[in-house]
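# An overview of the molecular structure
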Amino acid sequence: MIDFRIPSAGPRISRRRMILRAAIVAVAVAITAALALLPNPVKAADSPIVINPIVIKMSDKAPFYAPEKVSIKAGESVRWVNDGETVHSVSTASANAQNPKDASIPRGAVAFDSGFIPPGGDYSYKFIVPGTYRYFCLPHENAGMVGVIVVKK
Ligand SMILES: [Cu+2]
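Procedures and definitions
Residues numbered from 1 in each chain as written. Predicted model: local features only at pLDDT ≥ 70, side-chain atom pairs only at ≥ 80, totals over all residues. Helix = DSSP H or I, 4+ residues; strand = E, 2+ residues; numbered from the N terminus. Contact = placed C-beta atoms within 7 Å. Pairing = 2+ DSSP bridges. Axes fitted to C-alpha atoms, helices over the stretch in contact; angles between N-to-C directions. Core = buried A, V, L, I, M, F, W, Y, C linked by C-beta atoms within 7 Å. Buried ≥ 20, exposed ≤ 12 C-beta atoms within 10 Å, placed from the backbone. pLDDT = per-residue confidence, 0-100.

### Some words on the overall build of the protein chain
- A count of helical and extended segments in the protein chain gives one helix and seven strands.
- Going from the N terminus to the C terminus, the protein chain shows its helices and strands as α-β-β-β-β-β-β-β.
- Taking the contacts inside the protein chain whose residues are at least 6 apart along the sequence as the reference set, 66% of them involve residues at least 24 apart.

### Side note on the sheet that holds strand β4 (residues 77–82)
- Spatial ordering of the open sheet is given by β2-β1-β4-β5, a layout of four strands whose pairing is mixed. Because the sheet does not close on itself, it has two edges, and the strands there are β2 (65–66) and β5 (122–126).
- Pairing of strand β1 (residues 54–58) with β2, which is carried by two bridges, proceeds in the antiparallel orientation. Residue pairing across strands places K57 opposite A66, the latter belonging to β2.

### Description of the pairing of strand β7 (residues 146–152)
- Judged from the five bridges that link them, strand β3 (residues 69–73) and β7 form a sheet pairing that is parallel. When the bridges of β7 are listed, V70 appears paired with I149.

### Some words on the sheet that holds strand β6 (residues 131–136)
- Reading across from one edge, β3-β7-β6 is the order of the three strands in this open sheet, with mixed pairing throughout. Two strands bound the open sheet, and with one partner strand each, they are β3 and β6. The mean angle between the axes of side-by-side strands here comes to 20°, regardless of whether they run parallel or antiparallel.

### Some points on unusual backbone geometry
- Following A62, the chain continues into P63 via a peptide bond in cis, with omega recorded as 0°.
- Assignment of secondary structure puts P63 in the loop between β1 and β2.
- The amide bond that connects A66 to the next residue, P67, takes the cis arrangement and shows omega of 0°.
- As for its placement among the helices and strands, P67 is situated in the loop between β2 and β3.

### So, the nonpolar core
- In terms of nonpolar packing, the biggest core is built from 20 residues, with V78, W80, Y135, F136, M145 and I149 touching the most fellow members.
- Where this core is concerned, the elements lending two or more residues are β1, β4, β6 and β7.
- With near-sequence residues (within four places) excluded, Y135 lies in contact with V90, S91, T92, A103, V146 and G147.

### With respect to the confidence of the model for the protein chain
- Per-residue pLDDT for the protein chain has a mean of 82; in total, 66% of the residues score no lower than 70.
- In the predicted structure, residues 37–49 sits below a pLDDT of 50 and forms zero contacts with residues beyond four places in sequence or in another chain.

### What to know about the pairing of β4
- Along β4, the buried face is formed by V78, W80 and N82; none of S77, R79 and V81, which line the opposite face, is buried.
- Sheet analysis places β1 next to β4, joined by five bridges and oriented parallel. Paired with M58 across the bridge in β4 is N82.
- In the sheet, β4 pairs with β5 via five bridges, with the strands oriented antiparallel. Within β5, the residue paired with W80 across the bridge is Y123.

Laid out in structure tokens, this is it:
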């Protein structure tokens, strides 16, 4: 059989649509060029990684505070999160400690006490005065639930 239909070169594109396509391509090229000229606002390699606040997990088994010793800079905060199934606390109040060595703060700092933190609860504290802070958990101090925060200038 002979096909009498006129062969077409594919779908017909109107002149108006071709102009529109050309315009879209031109705008895309212009945007790409403009972005390339902008200074890169974030240089990951140059900026120090700041994890703030630092998170310390409180568990029912040793290590009770994880990590037990943390080093931070003055002005940074620490957040304690109770990951266990019993209450825990964070205290630098030496008057409440069984062993006075388990609680200490640098000169000029004020002692803090979270009170009982329920399972799933948390407590945050911002450290301003540099120095070494020794803290304990009121219910578990005798079991060895003690921690250290070193605050650098
Ligand atoms: Cu505890």
